[in-house]
Amino acid sequence: MRRACFLAALALIAAPLFADEPKDPEQPIPYSHKQHLALGLACKDCHLNPDPGDSMTFPASSKCMSCHQTIKKDSAAIQKLAAFDRQSKEIPWVRVYKVPDFVFFPHKSHLAAGAKCENCHGKVAERDRLFRETDLSMAGCVTCHRQHNAKQTCDYCHDPR
Ligand code: HEC
Ligand code: HEC
Ligand code: HEC
Ligand code: HEC
Ligand code: HEC
């Protein structure tokens with residue numbers, strides 16, 4: 001009974017899913033992973049996985065300003081960055097990857113199982129601008145679960161926990 005309700009609810013909200021959003025959203029500041037990773041920065045310098053471990057974080061503008069206080073400070077993009085920082089405003093990054101609310105996706109268990117960032121996000125270190133380049137639709141998730149003998153039952157990913 002509970003499952004029937006769940007599926008009916010999903011059918012109603014299935015239309016406007018994130019899949020309809022642009023694959024390569026324009027960002028408020030043209031931040032390049034390629035340019036910055038070439039400097040020797042690591043993913044974890046900017047993306048942490050705090051408890052309970054479902055989500056990754058985005059870096060605070062103060063992290064960026066630790067270099068950009070001086071580097072390229074006359075560039076228009078850096079002036080925009082500095083303005084967000086001065087006003088203590090979060091930079092409104094547009095999400096590239098997102099699962100709908102009715103899907104449970106924990107980063108922590110995947111990283112613990114040995115999955116690498118690139119398995120799900122592609123060649124980030126070679127990209128000036130990120131785009132959704134991997135298949136993280138239900139089919140993509142289920143295919144990888146099948147390959148790794150992880151569960152594929154509906155409530156593994158869908159039951160609210
Ligand atoms: C200097 C800081 C910095 C480093 C280092 C960094 N990132 Fe990022 N990352 C960002 C910022 C800022 C954004 C938001 C802008 C964007 O999407 O390009 C972002 C966005 C992302 C996103 C898109 C998230 C979403 O759904 O919107 C992914 C995936 C990502 N980073 C993965 C990585 C990986 C993998 C590495 C290491 C190979 C890495 N990043 C290293 C700053 C960083
Ligand atoms: C470790 C130092 C460092 C950190 C941290 C850092 N950057 Fe940079 N950034 C650089 C360097 C070096 C360049 C290349 C400058 C050049 O072209 O001479 C650069 C270039 C840029 C540019 C291109 C500027 C232009 O007009 O050419 C942007 C935009 C930028 N960074 C944004 C960010 C953002 C946003 C963050 C935080 C998420 C960040 N940076 C964090 C060092 C850093
Ligand atoms: C098994 C696949 C998988 C792996 C491995 C993975 N991610 Fe993700 N990532 C996702 C999915 C799916 C989302 C969207 C999650 C959501 O909407 O809750 C996401 C979202 C993100 C975001 C946006 C913030 C958030 O948590 O929603 C960032 C940043 C990110 N990932 C960075 C990374 C980095 C860095 C690594 C490696 C340390 C990594 N991811 C490993 C699948 C993965
Ligand atoms: C790179 C392969 C891979 C991809 C892609 C992947 N998974 Fe997984 N997932 C795994 C593995 C392996 C496990 C088993 C981890 C374990 O047993 O500890 C797992 C476990 C899980 C769990 C259980 C975690 C827990 O702590 O109970 C959930 C929920 C889950 N995945 C959801 C998703 C969703 C949703 C997606 C797509 C957005 C996805 N996965 C994509 C490999 C993947
Ligand atoms: C490994 C994780 C995973 C498993 C197992 C899983 N789903 Fe999904 N499901 C997802 C993700 C992720 C989405 C969101 C897809 C998107 O945004 O494009 C989704 C979306 C849906 C939707 C919304 C419509 C659509 O297709 O996007 C329905 C309905 C659905 N799932 C039903 C099921 C049923 C029934 C089962 C069991 C047979 C199941 N799911 C098993 C991850 C999973």
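All of the points below concern the structure found in this document. Since this is a predicted model, take the numbers as computed values, not measurements.

## A word on the coordination of the iron atom of ligand 5
Thinking step 1. Within the protein, Met138 (SD) and His158 (NE2) serve as the donor atoms for the iron atom of ligand 5, at 2.0 Å.
Thinking step 2. Each of the six donor atoms bound to the iron atom of ligand 5 contributes to angles spanning 86 to 179°, and the resulting shape is octahedral. Remark: His158 occurs in helix α9 (residues 154-158) and Met138 occurs in helix α8 (residues 138-147); sequence separation between them is 20 residues.
Thinking step 3. The class for Met138 is exposed, based on a relative accessible area of 59%.
Thinking step 4. Using a relative accessible area of 16% as the deciding quantity, one classes His158 as buried.

## As for the layout of surface pockets
Thinking step 1. In this model, the second largest pocket occupies a volume close to 160 Å³.
Thinking step 2. In this structure, the second largest pocket is lined by Phe58, Pro59, Ala60, Ser61, Lys89, Glu90, Ile91 and Trp93.
Thinking step 3. Considered class by class, the residues forming the lining of the second largest pocket number five nonpolar, one polar and two charged.

## Concerning the site of ligand 4
Thinking step 1. Close to ligand 4 lie 18 residues, the nearest being Ser109, His110, Cys141, Cys144 and His145.
Thinking step 2. For ligand 4, a nitrogen atom lies 2.8 Å from a polar atom in the side chain of His110.
Thinking step 3. His145 is positioned with one of its side-chain polar atoms (N or O) 2.8 Å from a nitrogen atom of ligand 4.
Thinking step 4. Elements with a minimum of two residues in the shell around ligand 4: α6 (107-112), α8 and α9.
Thinking step 5. Examining the composition of the shell around ligand 4, we find that three residues originate from one element, α8, more than from any other.

## Comments concerning unusual backbone geometry
Thinking step 1. At the junction of Asp51 and Pro52, the peptide bond is cis and its omega measures out at 0° in the coordinates.
Thinking step 2. Tracing the sequence through the fold places Pro52 in the loop between α3 (43-46) and α4 (61-68).
Thinking step 3. Of note in the backbone geometry, Lys72 takes a positive phi value of approximately 60° without being a glycine.
Thinking step 4. Examined against the element boundaries, Lys72 turns out to sit in the loop between α4 and α5 (76-86).
Thinking step 5. Look at Lys72 and you get exposed, because its relative accessible area is 62%.
Thinking step 6. Here Ser88, not a glycine, exhibits a phi torsion of approximately 50°, which is positive.

## Structural notes on the coordination of the iron atom of ligand 2
Thinking step 1. Binding of the iron atom of ligand 2 to the protein goes through His36 (NE2) and His68 (NE2), at separations of 1.9 to 2.0 Å.
Thinking step 2. Metal-centred angles of 88 to 179° between the six donor atoms at the iron atom of ligand 2 mark the site as octahedral. Placement of His36 in helix α2 (residues 33-37) and of His68 in helix α4 is noted, with a sequence separation of 32 residues between them. Neither His36 nor His68 differs from the other in exposure class; each is buried.

## Looking at the site of ligand 2
Thinking step 1. Neighbouring residues of ligand 2: 17 residues in total, closest His36, Cys64, Cys67, His68 and Ser75.
Thinking step 2. Within the contact set of ligand 2, an oxygen atom lies 3.3 Å away from a side-chain nitrogen or oxygen of Lys72.
Thinking step 3. Between ligand 2 and Ser75, the relevant distance is 2.8 Å, taken from an oxygen atom to a side-chain nitrogen or oxygen of the residue.
Thinking step 4. Mapped by element, the contributors of at least two residues to the shell around ligand 2 are α2, α4 and α5.
Thinking step 5. Broken down by class, the residue content of the shell around ligand 2 amounts to 11 nonpolar, four polar and two charged.

Criteria and cut-off values
- Residues numbered from 1 in each chain as written.
- Chains lettered and ligands numbered in written order.
- Predicted model: local features only at pLDDT ≥ 70, side-chain atom pairs only at ≥ 80, totals over all residues.
- Heavy atoms only, no water.
- Donors = N, O, S within 2.8 Å, 3.2 Å for Na, K, Ca; no water.
- Tetrahedral: all angles 85-135°; square planar, octahedral: opposite > 155°, others 65-115°.
- Helix = DSSP H or I, 4+ residues; strand = E, 2+ residues; numbered from the N terminus.
- Buried < 20%, exposed > 50% of the residue type's maximum accessible area, 1.4 Å probe, protein only.
- 1 Å grid on protein atoms, 1.4 Å probe; cavity = no way out; pocket = protein on both sides within 12 Å on 5 of 7 lines; lining within 4 Å.
- Points joined across faces, edges and corners; volume = space filled by probe spheres on them.
- Nonpolar A, V, L, I, M, F, W, Y, C, P; charged D, E, K, R; others polar.
- Near = heavy atom within 4 Å.
- Polar contact = N/O pair within 3.5 Å; in protein donor to acceptor, adjacent residues only side chain to side chain.

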